[in-house]
Amino acid sequence: MGVTMESVHLDVPSTLRDRRFLALLAIALLVTYALPFPIINDVLQDYSRLKGVMERMAKENDATVCHRVLSTNPDFFSSHGMRCDEEYYRPNESTVTTGDLIVYEDTYREYLRAREALKRDLPALVLLVIFAFLAMLGFGYAMIDFAVGVSTGDEKGVKDTLLSGLRAVPTLAVSEFLVSPYCYWSWHSWRFQ
């Protein structure tokens, strides 16, 4: 004996006017985006700080290299219009070489501190990404379940809908992990045909 699935016509206007659906949407936004913001904010500040230091390192490298080239033959290079950045050049300070860059020691120490701060934030960020992924799955299921209930006349309360979304999370997560690699492989094989 097979199971038949009937299609459901969603009554979108009625669903969007339903206060319980709007409450469910507000809870989803609060849990998924607003509550994790302090963690995201710390990570973004540390990343921004690291990016700023790296940009300064690149400018210091360009200024230092330019002045070193210019100092090999100042008359020749100056007569051909060569000018170097003075803002990021500090001639009396010691430099270090990191990768392909020549930067000042204090800037390099600041880079190391910023990098360490970002590394400390990574475990919390990984947990936050996993939490956000699972929360979006659960709330997405709950909102669809609620919308179907409104359209079919089998309405549930917000609490029951949230619980059904929570119970569906493990199955939804497993299906995502099973289906996503297949979709990725299919897309890449189609793209390179």
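Criteria and thresholds
- Residues numbered from 1 in each chain as written.
- Predicted model: local features only at pLDDT ≥ 70, side-chain atom pairs only at ≥ 80, totals over all residues.
- Heavy atoms only, no water.
- Buried < 20%, exposed > 50% of the residue type's maximum accessible area, 1.4 Å probe, protein only.
- Helix = DSSP H or I, 4+ residues; strand = E, 2+ residues; numbered from the N terminus.
- Arc of directions from axis to C-beta.
- Polar contact = N/O pair within 3.5 Å; in protein donor to acceptor, adjacent residues only side chain to side chain.
- Pairing = 2+ DSSP bridges.
- Disulfide = S-S within 2.5 Å.

Draft legend 1. Representation of helix α2 (residues 19–34). Among the residues of α2, Phe 21, Leu 24, Ala 28 and Thr 32 are the ones counted as buried. Buried residues of α2, viewed axially, fall in a sector of 60°; they line one side. With a side-chain oxygen positioned 2.8 Å from the backbone nitrogen of Arg 20, the residue opening α2 is Asp 18.

Draft legend 2. Spotlight on the pairing of strand β1 (residues 95–98). Pairing of β1 with strand β2 (residues 101–104), which is carried by four bridges, proceeds in the antiparallel orientation. Across the sheet, the residue bridging to Thr 95 is Tyr 104, located in β2. Where β1 hands over to β2, the hairpin turn is made up of two residues, of which Gly 99 adopts a positive phi near 65°.

Draft legend 3. Structural context of the state of the cysteines. In the structure shown here, the tally under the stated rule is one disulfide. Put simply, Cys 66 and Cys 84 are joined by a disulfide, and their sulfur atoms are 1.9 Å apart. Judged by the torsion about the S-S bond (-80°), the Cys 66/Cys 84 disulfide is left-handed. Of this pair, Cys 66 sits in helix α3 (residues 37–72) while Cys 84 sits in the loop between α4 (74–79) and β1; the two residues are 18 residues apart in sequence, bridging distant segments of the chain. Of the two residues examined, Cys 66 and Cys 84, each falls in the buried class.

It is worth stressing that arrangement in space is one thing and function is another; only the former is reported here.
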